[in-house]
Amino acid sequence: MAVNKMEKMTIIAAAEREEAILQAIQGLQAIEIKSFFHSNVDSSYIEKYFADTLVQDDEIQKKRFKTMLTDIQDALTFIEHFSESSSKKKPLKRQVLSLSSLEKNFDEQQISVYLKEIAALKNRFTLIETTRKDLLSKEKWLARWQYLDTIPKNNSLESSNILLGTISSVNQVDFLADLKKVSSVYVEEIYHSQNHVYYSLIYLKSYSDVLGEITARYSFNQFDYPYDILPKEAYQKNKEELASLVEEEKQLKTDLSSYRSHLEELYLAEEMTYAYIHRENAKKHLLNTSYFFILQGWLPSDEKQELSGVLQEALPKDEVYVAFDQPTEDEIQADIPVKLKNNSLVAPFEMLTEMYSLPKYDEIDPTPIMTPFYMVFFGMMVADIGYGLLMLLGALLALKLLVLPRGMKRFADFFLILSFPTIIWGFIYGSFFGAALPKVLLGIQLPFPILSTTEDVNTILIISVIFGFIQLLTGLMVNGIELTKRKRYLESISESFAWQGLLVGILIIVLGMLLFSNDGLVTTGIVVAVISALSIVIVPIIQSKSKVKGLAKGLYGLYGLTGYIGDLVSYTRLMALGISGGSIAAAFNMLVAFMPPAARFTVGILLIIALHTLNLFLSLLSAYVHGARLQYVEFFGKFYTGGGRPFNPLKTEEKYINIERKSKVKE
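Residues numbered from 1 in each chain as written. Predicted model: local features only at pLDDT ≥ 70, side-chain atom pairs only at ≥ 80, totals over all residues. Heavy atoms only, no water.

- Looking at an unreviewed UniProt entry, one finds the protein named V-type ATP synthase subunit I, with Enterococcus haemoperoxidus ATCC BAA-382 as its source organism.
- What the UniProt record of the protein gives under Subcellular location (unreviewed entry) is the line "Membrane".
- If you open the UniProt record of the protein and go to Sequence similarities (unreviewed entry), you find "Belongs to the V-ATPase 116 kDa subunit family." (UniProt positions renumbered as here; feature names shortened; annotations may be inferred.)

1. So, the overall build of the protein
Here is step 1: Looking only at helices and strands, the protein has 24 helices and 19 strands in total.
Here is step 2: On C-alpha atoms alone, the protein measures out to a radius of gyration of 40 Å, which is more than a quarter above the 26 Å that the 2.2 N^0.38 rule sets for 667 residues.
Here is step 3: On the principal axes, the C-alpha backbone points of the protein span a range of 130 × 85 × 65 Å.
Here is step 4: Across the 667 residues in the protein, those meeting the buried criterion constitute 45%. (Helix = DSSP H or I, 4+ residues; strand = E, 2+ residues; numbered from the N terminus. Rg over C-alpha atoms; globule rule 2.2 N^0.38 Å. Buried < 20%, exposed > 50% of the residue type's maximum accessible area, 1.4 Å probe, protein only.)

2. Here we look at the pattern of salt bridges
Here is step 1: Under the criterion given, the structure shown has 31 salt bridges.
Here is step 2: Across the salt bridge formed by E654 and R406, the nearest N and O atoms sit 2.8 Å from each other. Highlighted residues: E654 in the loop between strand 18 (645-646) and strand 19 (658-659) and R406 in helix 16 (residues 406-429), separated in sequence by 248 residues.
Here is step 3: On the basis of relative accessible area, R406 is assigned to the partly exposed category, the value being 36%.
Here is step 4: D413 is the partner of K409 in a salt bridge, and the nearest nitrogen-oxygen pair spans 3.0 Å. Note that K409 and D413 are positioned in helix 16 at a spacing of four residues, about one turn of the helix.
Here is step 5: Relative accessible area serves as the criterion here: at 41%, K409 is assigned to the partly exposed category.
Here is step 6: D413 sits in the buried class, given a relative accessible area of 18%. (Salt bridge = Lys/Arg side-chain N within 4 Å of Asp/Glu carboxyl O.)

3. Some details on the pairing of strand 10 (residues 292-300)
Here is step 1: Counting buried residues along strand 10, nine of its nine residues qualify, which places the element largely inside the surrounding structure.
Here is step 2: Because side chains alternate across strand 10, one face comprises the buried residues F292, I294, Q296, W298 and P300, and the other comprises F293, L295, G297 and L299, equally buried.
Here is step 3: Pairing between strand 2 (residues 6-14) and strand 10: nine bridges, direction antiparallel. From the neighbouring strand, I11 faces strand 10, where its bridge partner is L295.
Here is step 4: Sheet topology note: the strand 3 (residues 32-34)/strand 10 ladder contains three bridges and is antiparallel. Note that in strand 10 the partner of I33 across the bridge is G297. (Pairing = 2+ DSSP bridges.)

4. Some details on the domain arrangement of the protein
Here is step 1: Domains assigned within the protein are domain 1 (150-229) and domain 2 (347-515 + 563-638).
Here is step 2: Using C-alpha coordinates to define each centre, domain 1 is positioned 84 Å away from domain 2. (Domains from an automatic or database assignment.)

5. Quick look at the UniProt feature "transmembrane region" (unreviewed entry) in the protein
Here is step 1: Listed under "transmembrane region" (unreviewed entry) in the UniProt record, and renumbered for this structure, are residues 373-399, 411-437, 457-476, 497-516, 522-542 and 601-625.
Here is step 2: Between the first and last C-alpha atoms of residues 522-542 the distance is 30 Å; the span itself is 100% helix and 0% strand.

Right, dumping it as structure tokens:
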């Protein structure tokens with residue numbers, strides 16, 4: 001239960017074996033490829049002896065896979081949005097596969113055929129959309145001119161002309177008044193919109209100049225009629241073309257629907273293409289020559305045997321050279337990744353540590369120490385048997401019935417474990433969906449509630465502070481042990497053990513004065529506290545060249561006692577949240593109980609479900625956030641630094657399926 005031990009792995013094999021080895025490593029999902037050219041190992045011999053055979057990075061293959069990925073995603077989006085389907089069910093149910101089986105079933109040639117056919121349908125669809133927009137625009141225009149009963153270019157005479165155009169409605173009166181002054185102009189209003197008036201003007205060509213002055217004066221927007229048929233006929237023809245487009249689009253969607261049966265193939269093809277792209281990205285970290293390649297990477301020590309197995313399965317043993325080395329001190333400080341390793345009870349809580357910061361490779365993993373505290377605190381803040389049972393049931397159903405993505409599975413495991421302390425604290429507080437547990441059942445006296453959230457508030461408050469006190473002492477103890485392991489003995493006293501002594505001394509004084517009224521205890525506590533306080537002040541004096549500065553540093557360190565008081569106060573939220581959640585649930589129950597019987601057993605049932613769902617959500621959210629906050633601020637601050645680099649193995653995207661190593665999948 002700690003940070004997983006890493007070893008540096010080096011693989012050398014013939015160039016033509018590179019793809020098979022990378023495929024085996026990717027399926028294992030346990031090796032982080034290390035850039036050969038950023039290694040601290042002297043590689044000058046490579047350029048000296050193999051310069052002529054070095055192979056530069058080939059981006060062509062990578063670009064090909066990226067293009068294919070884009071085409072697949074476009075095709076999937078097009079099918080999902082535009083094809084007709086009677087079912088909203090996702091065609092691909094999440095499942096567990098090995099990479100080798102995924103790759104074996106990937107038919108690139110067939111996928112390319114699908115993509116070309118779907119792209120052709122998409123082009124047709126785009127053309128239909130473009131044509132539809134054009135026809136709708138023409139329909140709007142023709143609708144305004146449909147009452148024009150002549151075709152201008154067929155009716156213009158040698159001495160007369162027809163002019164079509166629009167003016168602003170504001171100028172209509174003045175425009176018509178000026179046209180009346182010209183005796184040989186016939187004016188017909190074709191359409192009147194909110195802002196414009198559409199006119200047809202018939203005039204003698206000899207009056208063109210006069211008419212030109214009037215139209216220019218009122219910004220007459222002239223245009224040419226483009227059709228050889230009347231507007232009404234053109235309008236009708238346009239509508240028929242639109243109706244034809246609708247039929248064509250229906251047929252296209254029907255054609256497209258036939259590809260829904262290939263959706264699963266396309267989803268898996270996208271997953272496989274992602275795998276290829278990740279593999280191509282890994283190749284740029286290798287040393288590639290025309291004869292051989294060298295791969296270096298970080299591997300958890302307990303995965304060595306598994307690696308040997310998959311390599312032997314992929315190619316003969318005598319065709320690959322594998323070496324393992326322990327990381328150097330420089331690599332531990334600067335390069336090595338961190339992967340946590342905990343048992344199944346603690347592993348789900350690793351996400352809390354990851355959200356804060358992973359430990360450095362040579363630092364202690366705080367997850368196993370934090371887990372019991374987080375479980376107790378979470379249970380204390382939710383504290384309801386009914387809510388705990390819902391968490392337990394929901395998590396169990398999700399884990400048993402569904403193949404969840406890894407992140408969601410860890411979340412389900414997380415809440416499955418937390419359901420137990422929630423139920424236990426529910427029994428302690430005697431709360432079942434906010435209702436009090438009976439004190440007598442079948443004549444048997446029951447002990448519930450062990451702690452009443454209405455009568456034992458002070459006791460719960462003291463228990464909260466005691467839990468905080470224990471966690472702070474634990475954090476200081478871990479810090480002292482870690483400093484001792486690093487042979488920083490004086491610091492382990494001043495930064496850890498002395499503070500434990502000071503806090504314990506103060507506790508003994510308080511107990512001696514308030515609980516036991518025992519002068520001996522008080523004296524003992526004073527002695528322990530004073531010795532501890534002196535240690536906090538004296539150690540910096542010993543460590544510093546300037547004794548005055550050391551004294552100042554020691555006194556300033558002792559001032560940190562006020563911080564511990566603040567830390568202990570923070571733990572009172574355990575009491576506050578636990579009581580508030582239970583009180584809100586009880587209030588919801590009372591609210592529904594006040595309803596008349598008819599409403600209580602109809603609307604009241606729906607209302608109580610909705611209210612308890614809301615309270616459950618808020619209680620879980622509060623417990624999750626405040627539980628994490630207590631770990632990050634009060635607990636981690638006593639011993640934990642973090643800053644480790646996450647382990648990033650060569651793996652797949654796992655967008656639609658979970659990839660497991662071949663030995664764990666039944667095929």
